[in-house]
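Structural overview for review
Residues per chain are reported as follows:
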Amino acid sequence: MWTTIALLGLALNFEPIRIGLVPILLGRERPAWQLGAFLAGANSMSLTVGLFTVTTASRLLTAHSGLGAAVQVAVGALAVVIAAGMVVHRAFLRTSTTKIPSGDHPNGMPSSRLEKHLAAVRRILGRGKSPWVAGMVGVGLGLPSVDYLAMLAVISTSGKELPEKYAGVVVFLILGSLVVLIPLMGCLLAPESALARAQ
């Protein structure tokens, strides 16, 4: 369980929308507050959903002991379907769109798709300079994705005790937040240097 949590948590940092958000938040007034509010919003939503899901699933699995294997098979099948969909989607994008140079955006994501998401975030953040706006953006992006729900299923069916499952959720969210946590720590410890690197 812990190896899966570590790998998927670290992989979460490479989502282009998360990487693209950091310079936007650093460019606003009081960037440490902006990053902190975004992180608090995203992780409070994800943590609430995660702990509720793990608690509910663990109780169901305790009541119905044969359900654990079925859930693991279903999660595995869902992961295969998602992986196949991603391969087909990426192949389709290669033939239908022109990719930007790999140095401009991570993972070679098509500029139109990434720019569309970032433009929407810029519009939302442009409505106010308050950290509350960044926090609301974080809440929106903290809604559980398919990979996060699959991760919760892995944790729920791991056979570990409930406190260890809760710890797994927390560790996953901490590892998945490094792309925001590192600039936040930079802003708190060396604000001039952090802002200079972001520009």
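Throughout what follows, the structure given in this document is the object of discussion. (Residues numbered from 1 in each chain as written. Predicted model: local features only at pLDDT ≥ 70, side-chain atom pairs only at ≥ 80, totals over all residues. Heavy atoms only, no water.)

Here the focus is the overall build of the protein chain. When its secondary structure is counted, the protein chain shows 10 helices and zero strands. In the protein chain, the succession of α and β elements from N to C terminus is α-α-α-α-α-α-α-α-α-α. Counting the 199 residues in the protein chain, one finds 35% classified as buried. Considering only residue pairs separated by 6 or more positions, the protein chain has 78% of its internal contacts joining residues 24 or more positions apart. With an accessible surface of roughly 11400 Å², the protein chain has 69% of that area assigned to carbon and sulfur atoms. (Helix = DSSP H or I, 4+ residues; strand = E, 2+ residues; numbered from the N terminus. Buried < 20%, exposed > 50% of the residue type's maximum accessible area, 1.4 Å probe, protein only. Contact = heavy atoms within 4.5 Å. Areas by Shrake-Rupley, 256 points an atom, 1.4 Å probe, with all protein chains shown as cover.)

Enumeration over the complete set of coordinates arrives at one salt bridge. In this structure, R18 engages E15 in a salt bridge whose closest nitrogen and oxygen atoms are separated by 3.4 Å. On the basis of relative accessibility, which here comes to 14%, the residue R18 falls in the buried class. Take E15: its relative accessible area is 26%, and that puts it in the partly exposed class. (Salt bridge = Lys/Arg side-chain N within 4 Å of Asp/Glu carboxyl O.)

Contact geometry for helix α1 (residues 2-12) and helix α8 (residues 162-176): axes closest at 7 Å, N-to-C directions at 25 degrees. By the angle class used here, α1 and α8 are roughly parallel. Here the hand of the crossing between α1 and α8 comes out right-handed. Contacts between α1 and α8 involve W2, I5, A6, L8, G9, L10 and L12 from the first element and E164, A167, G168, V171, F172, L175 and G176 from the second. When grouped by side-chain class, the residues that make up the contact of α1 with α8 number 10 nonpolar, three polar and one charged. (Axes fitted to C-alpha atoms, helices over the stretch in contact; angles between N-to-C directions. Parallel < 35°, antiparallel > 145°, perpendicular 65-115°, else oblique. Left-handed = near helix turned anticlockwise from the far one by under 90°. Nonpolar A, V, L, I, M, F, W, Y, C, P; charged D, E, K, R; others polar.)

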